[in-house]
Amino acid sequence: MIGRRPRRVLVLGGARSGKSRFAEQRLHRVRGVEYVACGAVPDGSDAEWTDRVGLHRARRPASWRTVETVDLAAVLGRPGPPVLVDCLTTWLARTMDDCGIWTGAPDADARLAAAVDALVDAWAGTRRRVTAVSNEVGGGIVPATASGRRFRDEMGTLNARIAARADRVWLLTAGIPQRLR
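Enquirer: An account of the pairing of strand 5 (residues 130-135) is requested, with residue identities and associated values reported.
Expert: Within strand 5, six of the six residues are buried, leaving the element largely enclosed by the surrounding structure. Sheet analysis places strand 1 (residues 8-13) next to strand 5, joined by six bridges and oriented parallel. Looking across to strand 5, one finds that R8 is bridged to V130. Sheet topology places strand 4 (residues 83-86) next to strand 5; four bridges connect them, and they run parallel. When the sheet's bridge partners are listed, V85 is paired in strand 5 with A132.

And the structure:
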């Protein structure tokens, strides 16, 4: 790793900890970044979500290309410029929905496991420089609902698997970055 730029970087933190801004600043000198937004595209029904997405869009340089998708394995599997994934938390939420976790689809658990495995494999094998942002959700209140606990547990497992294959891992707390690896 000495003398080489890390290829896979994971940036963790709580809500509003500064993790997205930190990840963006790591790539601010790169003109051709592919910014992968994994959250739902605002449709005006949730003003708070629309405002959050607007803040993120306003910070991005005009030279960055935005891709709105949850097909991260495909993005990481193709050649291209550096990638900033924001964020794995919204990716997991959408993927759990798409797999039928909350509706009790009979194959939901297998579909989710396959999607997570595909993402981890793509992350480990990518030739692209990639920075992924994710929420560290397990350090707070235990969720009161089974669905909240399931999401927290799946998020913790995904973060651990991605971190295990990352060249660098950062944790932001109160806006202060700490390099973990």
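Structure shown, so let's carry the discussion forward.
Enquirer: Could you give me a rundown of helix 5 (residues 108-125), with the residues and numbers involved?
Expert: Between its first and last C-alpha atoms helix 5 spans 26 Å; for 18 residues at 1.5 Å apiece the expected length is 26 Å, and the two agree. A108, L112, V116, L119, V120, A122, W123 and A124 are the residues of helix 5 that are buried. Check the buried side of helix 5 and you find it contacts strand 1, helix 3 (72-77), helix 4 (88-99), strand 5 and helix 6 (146-164).

Enquirer: Now, about the pattern of salt bridges: what can you tell me, with residues and values included?
Expert: Applying the stated criterion to the full structure yields eight salt bridges. Its salt-bridge partner being R152, residue D153 comes within 2.9 Å of it at the nearest N-O pair. Overall, D153 belongs to the partly exposed group, its relative accessible area being 42%. One salt-bridge network, in which partners are shared between bridges, spans E34, R65, R78 and R128.

Enquirer: Now, about the environment of A164: what can you tell me, with residues and values included?
Expert: Tracing the backbone shows A164 in helix 6. For A164, a relative accessible area of 56% translates into the label exposed. Taking the C-alpha atoms as reference, A164 lies 10.0 Å from R181; in sequence the two are 17 residues apart.

Enquirer: Please set out the packing of aromatic side chains residue by residue, giving values where relevant.
Expert: Taken as a whole and judged by the stated rule, the model has two aromatic pairs. The ring centre of Y35 lies 3.6 Å from the NZ or CZ of R60, which sits over that ring.

Calculation rules
Residues numbered from 1 in each chain as written. Predicted model: local features only at pLDDT ≥ 70, side-chain atom pairs only at ≥ 80, totals over all residues. Heavy atoms only, no water. Buried < 20%, exposed > 50% of the residue type's maximum accessible area, 1.4 Å probe, protein only. Helix = DSSP H or I, 4+ residues; strand = E, 2+ residues; numbered from the N terminus. Pairing = 2+ DSSP bridges. Expected span 1.5 Å × (residues − 1). Contact = heavy atoms within 4.5 Å. Salt bridge = Lys/Arg side-chain N within 4 Å of Asp/Glu carboxyl O. Phe/Tyr/Trp six-rings, centres within 6.5 Å; stacked < 30°, edge-to-face > 60°. Lys NZ or Arg CZ within 6 Å of the ring centre and 35° of its normal.

Treat this as a map of the structure, not an account of what it does.
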